[in-house]
Amino acid sequence: MGARWVEMRSAAVAAEEAGFDGLWTWDHLRDPDGDPAGVPECLTTLAALAEVTTRVTLGPPTAEWRRVMNINLDGAFFTLRAGARHMIERGGGGSLVATASLAGVMGAARNEHYSATKGGVMAMIRSMARHQIRANTVLPDWIDTPMTAGHLHGEAFTEKVLPRVPMRRWRVGGDFGGIAVYLASAASSYHTGDTFVIDGGYLVF
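Presented here is a report on the structure given in the accompanying data block. Note that the coordinates shown come from a computational prediction; the quantities given were computed from them, not determined experimentally.

What follows covers the sheet that holds strand β3 (residues 195-198). Taken together, three strands build an open sheet; the order of strands is β1-β2-β3 and the sheet is parallel. Looking along the sheet, the strands with just one partner apiece sit at the ends: β1 (94-99) and β3. Going from strand to strand, the sheet's axes swing by 25° on average, the running direction of each strand aside. Of the strand pairs in this sheet, strand β2 (residues 133-140) and β3 are connected by four bridges, and their pairing is parallel.

This is the structure in structure tokens:
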């Protein structure tokens, strides 16, 4: 347990002893489904806010949050870790490439769990750039596939999103080809810890 964690615990105890009943305490931090009713009172007390508006239903249900974390973040970590261990045992380095998403940079309304995992993947891959292993992330936008076709070719995306893509088309799987070859080959032998945005210019505009 780090010194900072101890300080947090001490602060929570001191707040309770001082009579701040509306504060979330140590136990609340371990219970994601705990009663959030004390949040407005806490903010009002500490910041002297006249009015607090909070959306207590922000984010997905806890079970769904953990399911997506387990697949998108835990799964990516375990896979990359297995690859890194093999490269270390073999010697000579190698190349790890992870796929994230623009949501990891921009966020995603009503999909906080998804964007959190993609931001986590970008941070995680950078920390793996050790032992002569190159570790990079590819950051795509929307991909035109049978699974996404219903959304991408619908009226909302066609009229509101596609005009913001300078290339004026949705990305397809083949658009990954060039960067995949580069990262897997000796051409990228001194390129590591980077994020490659393949979005047709969407993020720029």
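Let us keep going from here.
Further remarks concern the side chain of Thr-117. As for its placement among the helices and strands, Thr-117 is situated in helix α6 (residues 112-127). A distance of 2.6 Å separates the side chain of Thr-117 from the backbone oxygen of Tyr-114, its partner in a polar contact. Ignoring anything within four residues of it in the chain, the contact list for Thr-117 reads Val-68, Met-69, Asn-72 and Leu-73.

Where two aromatic rings form a pair, the distance of their centres and the angle of their planes describe that pair. This structure, assessed with the given rule, holds six aromatic pairs. Ring geometry for Tyr-182 versus Phe-196: centroids 6.2 Å apart, planes at 70°, classification edge-to-face. Of this pair, Tyr-182 sits in helix α9 (residues 177-184) while Phe-196 sits in strand β3, and the two are 14 residues apart along the sequence. By relative accessible area, Tyr-182 is classed as partly exposed at 26%. Feature note: the residues Trp-142, Phe-157, Trp-170 and Tyr-202 constitute an aromatic cluster, connected by ring pairs. It is Arg-171 that lies over the ring of Phe-176; its NZ or CZ is 4.3 Å from the centre.

Let us now look at unusual backbone geometry. Note: most peptide bonds trans; most residues except glycine with negative phi. Of note, the phi angle at Arg-110 is positive, near 70°, even though the residue is not glycine. Along the chain, Arg-110 turns up in the loop between α5 (103-106) and α6. For Arg-110, a relative accessible area of 65% translates into the label exposed.

What follows concerns helix α4 (residues 62-90). Along an α-helix, a turn takes 3.6 residues, which lines up residues three or four apart on a common side. With 29 residues, α4 should cover 42 Å at 1.5 Å per step; its first-to-last C-alpha distance of 40 Å lies within 8% of that length. Most pronounced at Asn-70, the bend in α4 amounts to some 35°. Taken as a whole, α4 has its buried residues at Thr-62, Val-68, Met-69, Asn-72, Leu-80, Ala-84 and Met-87. Turning to α4, the residues buried within the fold contact β1, α6 and β2.

One pass over the full model with this rule turns up three salt bridges. Between Arg-67 and Glu-64 there is a salt bridge, and its shortest N-O distance comes to 2.9 Å. Separated by three residues within a single helix, Arg-67 and Glu-64 lie in helix α4, roughly one turn from each other. The exposure class assigned to Arg-67 is partly exposed, which follows from its relative accessible area of 44%. Among the salt bridges present, the one from Asp-175 reaches Arg-169, with a minimum N-O distance of 3.0 Å. Taking relative accessible area as the criterion, Arg-169 reaches 40% and is therefore assigned partly exposed.

So, on to the side chain of Ser-101. When you line up the elements, Ser-101 lands in the loop between β1 and α5. Polar contacts involving the side chain of Ser-101 include one to the main-chain amide nitrogen of Ala-103, which spans 3.1 Å. When sequence neighbours within four positions are dropped, the list of residues in contact with Ser-101 reads Tyr-114, Lys-118, Leu-139 and Pro-140.

Attention now goes to the packing of α4 against α6. The contact between α4 and α6 brings their axes to 9 Å, and the two run at 20°. Between α4 and α6, the interaxial angle falls into the category roughly parallel. In terms of crossing hand, the pair formed by α4 and α6 is right-handed. Contact residues: α4 offers Glu-64, Trp-65, Val-68, Met-69, Asn-72, Leu-73, Ala-76, Phe-77 and Leu-80, while α6 offers Glu-112, His-113, Tyr-114, Ala-116, Thr-117, Lys-118, Gly-120, Val-121, Met-124 and Ile-125. The residue inventory of the contact of α4 with α6, partitioned by class, reads 12 nonpolar, four polar and three charged.

Cut-offs and rules
- Residues numbered from 1 in each chain as written.
- Predicted model: local features only at pLDDT ≥ 70, side-chain atom pairs only at ≥ 80, totals over all residues.
- Heavy atoms only, no water.
- Pairing = 2+ DSSP bridges.
- Helix = DSSP H or I, 4+ residues; strand = E, 2+ residues; numbered from the N terminus.
- Axes fitted to C-alpha atoms, helices over the stretch in contact; angles between N-to-C directions.
- Polar contact = N/O pair within 3.5 Å; in protein donor to acceptor, adjacent residues only side chain to side chain.
- Contact = heavy atoms within 4.5 Å.
- Phe/Tyr/Trp six-rings, centres within 6.5 Å; stacked < 30°, edge-to-face > 60°.
- Buried < 20%, exposed > 50% of the residue type's maximum accessible area, 1.4 Å probe, protein only.
- Lys NZ or Arg CZ within 6 Å of the ring centre and 35° of its normal.
- Expected span 1.5 Å × (residues − 1).
- Bend = angle between axes of the 7 residues up to and from the residue.
- Salt bridge = Lys/Arg side-chain N within 4 Å of Asp/Glu carboxyl O.
- Parallel < 35°, antiparallel > 145°, perpendicular 65-115°, else oblique.
- Left-handed = near helix turned anticlockwise from the far one by under 90°.
- Nonpolar A, V, L, I, M, F, W, Y, C, P; charged D, E, K, R; others polar.

Function-wise, these values are silent; they only describe arrangement.
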